[in-house]
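# Architecture at a glance
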Amino acid sequence: MSQAEAKTKTPFWEQGNLAPVQEEVTAFDLPVEGAIPPELNGLYARNGANPREGHSGHWFLGDGMLHGVSLRDGRAEWYRNRWVRTPRFNGAPRTPGMPDIRSGVANTNVMAHAGKIMALVESALPVVMSRELDTVGSYDYDGKLDTPFTAHPKVCPTTGELHFFGYGFVPPFLTYHAVDAAGTLMRSIPVPVRAPTMVHDFAMTSGHVIFMDLPVVFDMPAAQRGTMPFAWSDSYGARLGILKRGAGIESLRWVEIEPCYVFHVANAFEEADGTIVVDVAWYNELWRGGPSGKTFDRAVLRRWRVPPGATKAQEQFLDDRSIEFPRINDDRAGLSHDIVYTVDTGNDGLTYELLRKYDLKTGKSTEHVFDNGMASEFVHVPGEGGKSEDDGWLIGFVYDRARNASDLLILDAQKIESKPVARIMLPARVPQGFHGNWMPGV
Ligand SMILES: [Fe+2]
């Protein structure tokens, strides 16, 4: 087989910097160009799929691996990468047809809430991790949580509550949950939907949570191929379910939207008259005939507006350039935002050469281009006492092709086009992964 033939047969998630690494590395006192802001004390950690065997049926199905950098008093104290050692990673047998929520791949996100660092995937319970990224075990909120956990929970900056949902292949297909600031599961509410669909994210405002019931539905042929068990449906339709926070299911209302797929919500908020605004990374469609091993789709920034009493959302493109991994200043989660940080994904959906900051108030965007580099998601870290929404920094991993290793870059969020404030050079490659968070004080 020629090299070109081998490349076409190798799925995109096993090529270049998407390919997994096989070693767990620990390194202390990392070399730094520039200066790490001394007020950044804590842990930046990011999750991604990194199949232990080197192969998986889809990019989204590999074992989770966390990459973490501890920052302390202006130093890059350490870098560690560790697999999330779930029962499945450790070789537990799988029951055909029945996903085990205690034994997933925990590969999509990592966040801290109520004193726990949790690795997340949408098909299983959270997995608690130590600060040094060792696996503690799956967590079911003292026996109260009996559904999977989303990889995209929302922390309300006003109440400290954690809002999330779980979805599965048996009724109720979708369940909403809320945890208080101290980490106690307060309520779980089944949300009626017609069929099991892939629900990757949802939205939260100060008064509501919003579910996306989209036409990427459970698909047995895809499941039998060992890939993500979902495919596009021309008949399912698309709608948003808007539920009042703190109220029962009787407050749920459905609003029609154009058929589409959305993995990621940037943010949602409510205007003075009660209109709900949701900004998303929007795909025209996804996975017709099931997921493909060859290509990925492209998303653009789009806004849904739902006035009070409306049965159909107003829809508006905010830009036509391809983006993913939208993030905001999380202190604005559920509140109005002007700024969205994204990674440009290029026409193939996988190029990741630049970071783009949108100012939706002025309509302007600025970019940071990574010369010979490939960016992952960047997260915003608010500055101490910051007055404007974009005070602070952006932090994320960038693969440096010249070194065949990755850097953790810190950019000034107000001047993203400028030279990085700090470049922390890691001794290893961080494969393209999914999501992470800055955990201050951890
Ligand atoms: Fe995601």
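For the structure, check the block above.
Report follows, based on the coordinates. In this text the structure is predicted, and so the values were computed from the model without any measurement.

## Focus on the overall build of the protein
The helix and strand inventory of the protein stands at two helices and 33 strands. Relative to its length of 442 residues, the protein is compact, with a C-alpha radius of gyration of 21 Å against a globular reference of 22 Å. Overall, the protein is about 55 × 55 × 45 Å in size when its C-alpha atoms are taken along their principal axes. The 442 residues of the protein split such that 59% are buried. Sequence-distant contacts, at least 24 apart, represent 57% of the contacts inside the protein between residues at least 6 apart. Roughly 17500 Å² of accessible area belongs to the protein as shown, and the carbon and sulfur atoms make up 50% of that amount. Averaged over its 44 positive side-chain charges, the protein has a centre that lies 1 Å from the centre of its 55 negative ones.

## Notes on the packing of aromatic side chains
Any pair of aromatic rings gets described here by the distance separating the centres and the angle formed by the planes. Tallied over the entire structure, the rule returns 26 aromatic pairs. On the basis of an interplanar angle of 20° and a centroid distance of 5.9 Å, the ring pair of Phe 202 and Phe 211 is categorised as stacked. The buried category is assigned to Phe 211, whose relative accessible area is 1%. The ring of Trp 254 carries the charged tip of Arg 239 above its face, separated from the ring centre by 3.6 Å. Over the ring of Phe 317 we find Arg 302; its NZ or CZ atom is 4.2 Å from the centre of that ring.

## A short note on the pairing of strand β26 (residues 354-359)
With respect to burial, β26 is a largely interior element, five of its six residues being buried. Here strand β25 (residues 339-344) pairs with β26 via six bridges, running antiparallel. Among the inter-strand pairings, Val 340 is bridged to a residue of β26, identified as Tyr 358. For β26 and strand β27 (residues 364-369), the ladder comprises six bridges, and the chain directions are antiparallel. Within β27, the position partnered with Asp 359 by the bridge is Lys 364. Joining the antiparallel neighbours β26 and β27 is a turn of four residues, in which Gly 363 adopts a positive phi near 80°.

## Focus on the coordination of the iron ion
For the iron ion, the full set of protein donor atoms is His 152 (NE2), His 200 (NE2), His 264 (NE2) and His 435 (NE2), and the range of their distances to it is 2.1 Å. For the iron ion, the four donor atoms in the first shell make angles of 91 to 165° at the metal, a pattern classed as irregular. Mapped onto the sequence, the residues coordinating the iron ion show the spacing H-x47-H-x63-H-x170-H. In this pair, His 152 is assigned in the loop between β9 (135-138) and β10 (154-155) and His 435 in the loop between β32 (422-425) and β33 (436-440), connecting sequence segments 283 residues apart. In this pair, the class of His 152 matches that of His 435, namely buried.

## Focus on the sheet that holds strand β4 (residues 64-72)
With respect to topology, five strands assemble into an open sheet ordered β1-β5-β4-β3-β33, the strand pairing being antiparallel. Both edges of this open sheet fall to β1 (26-28) and β33, since each of them pairs with a single strand only. Neighbour-to-neighbour, the strand axes of this sheet turn through a mean angle of 10°, independent of strand direction. Where β4 and strand β5 (residues 75-83) come together, eight bridges link them in antiparallel fashion. What sits directly across from Arg 72, in β5, is Arg 75.

## Digging into the side chain of Asp 400
Looking at the secondary structure, you find Asp 400 in strand β30 (residues 393-400). If we ignore the near neighbours within four places in the chain, the residues touching Asp 400 are Asn 372, Ala 405, Ser 406, Asp 407 and Arg 423.

## Topic: unusual backbone geometry
Each neighbour pair has its own omega, and for Pro 171 with Pro 172 the value is -10°, a cis peptide bond. Relative to the helices and strands, Pro 172 is located in the loop between β11 (162-167) and β12 (174-179). We note that Asp 29 has phi near 45°; this positive angle belongs to a residue other than glycine. By secondary structure assignment, the location of Asp 29 is in the loop between β1 and β2 (32-34). The phi dihedral of Ala 114 falls on the positive side, at around 50°, and the residue is not glycine. Here Ala 114 is to be found in the loop between β6 (109-113) and β7 (116-120). A residue is classified by how much of its surface remains accessible, and Ala 114, at 36% relative accessible area, is partly exposed.

## Observations regarding the environment of Leu 43
One can find Leu 43 in strand β3 (residues 42-49). According to the relative accessible area criterion, Leu 43 is buried, its value standing at 0%. C-alpha of Leu 43 to C-alpha of Ala 27: the two residues are 16 residues apart in sequence and 15 Å apart in space. Those residues within four positions of Leu 43 in sequence are excluded, and the remaining contacts are Gly 68, Val 69, Ser 70, Trp 78, Ile 117, Arg 131, Leu 133, Asn 437, Trp 438, Met 439 and Val 442.

## Notes on the nonpolar core
The biggest cluster of nonpolar side chains holds 86 residues, and the ones touching the most others in it are Trp 59, Met 198, Phe 211, Val 278, Trp 287, Trp 304 and Phe 378. Counting residues in hydrophobic clusters, the runner-up holds 23 residues, among them Ile 36, Ala 422, Leu 426 and Ala 428.

## Some thoughts on the sheet that holds strand β23 (residues 314-317)
Hydrogen bonds along the backbone pair up the strands of a sheet, which may run parallel or antiparallel. The strand order β20-β21-β22-β23 describes an open sheet built from four strands, whose pairing is antiparallel. Looking at the sheet topology across the chains shown, the edges are occupied by β20 (261-270) and β23. Across the sheet, the axes of successive neighbouring strands diverge by a mean angle of 25°, strand direction being ignored. As paired elements, strand β22 (residues 300-306) and β23 share four bridges and run antiparallel to each other. Each residue of the ladder has a partner; that of Arg 305, found in β23, is Gln 314.

## Focus: the environment of His 58
Tracing the chain through its elements places His 58 in the loop between β3 and β4. Along the chain, His 58 and Glu 353 lie 295 residues apart, while their C-alpha atoms are 23 Å from each other. In this structure His 58 touches Trp 13, Thr 227, Met 228, Trp 287 and Pro 291, once residues within four positions along its chain are discounted. A distance of 3.0 Å separates a polar atom in the side chain of His 58 from the backbone nitrogen of Phe 60.

What counts and what doesn't
- Residues numbered from 1 in each chain as written.
- Predicted model: local features only at pLDDT ≥ 70, side-chain atom pairs only at ≥ 80, totals over all residues.
- Heavy atoms only, no water.
- Helix = DSSP H or I, 4+ residues; strand = E, 2+ residues; numbered from the N terminus.
- Rg over C-alpha atoms; globule rule 2.2 N^0.38 Å.
- Buried < 20%, exposed > 50% of the residue type's maximum accessible area, 1.4 Å probe, protein only.
- Contact = heavy atoms within 4.5 Å.
- Areas by Shrake-Rupley, 256 points an atom, 1.4 Å probe, with all protein chains shown as cover.
- Lys, Arg positive; Asp, Glu negative; His and termini not counted.
- Charge placed at Lys NZ, Arg CZ, Asp CG, Glu CD.
- Phe/Tyr/Trp six-rings, centres within 6.5 Å; stacked < 30°, edge-to-face > 60°.
- Lys NZ or Arg CZ within 6 Å of the ring centre and 35° of its normal.
- Pairing = 2+ DSSP bridges.
- Donors = N, O, S within 2.8 Å, 3.2 Å for Na, K, Ca; no water.
- Tetrahedral: all angles 85-135°; square planar, octahedral: opposite > 155°, others 65-115°.
- Axes fitted to C-alpha atoms, helices over the stretch in contact; angles between N-to-C directions.
- Core = buried A, V, L, I, M, F, W, Y, C linked by side-chain atoms within 4.5 Å.
- Polar contact = N/O pair within 3.5 Å; in protein donor to acceptor, adjacent residues only side chain to side chain.

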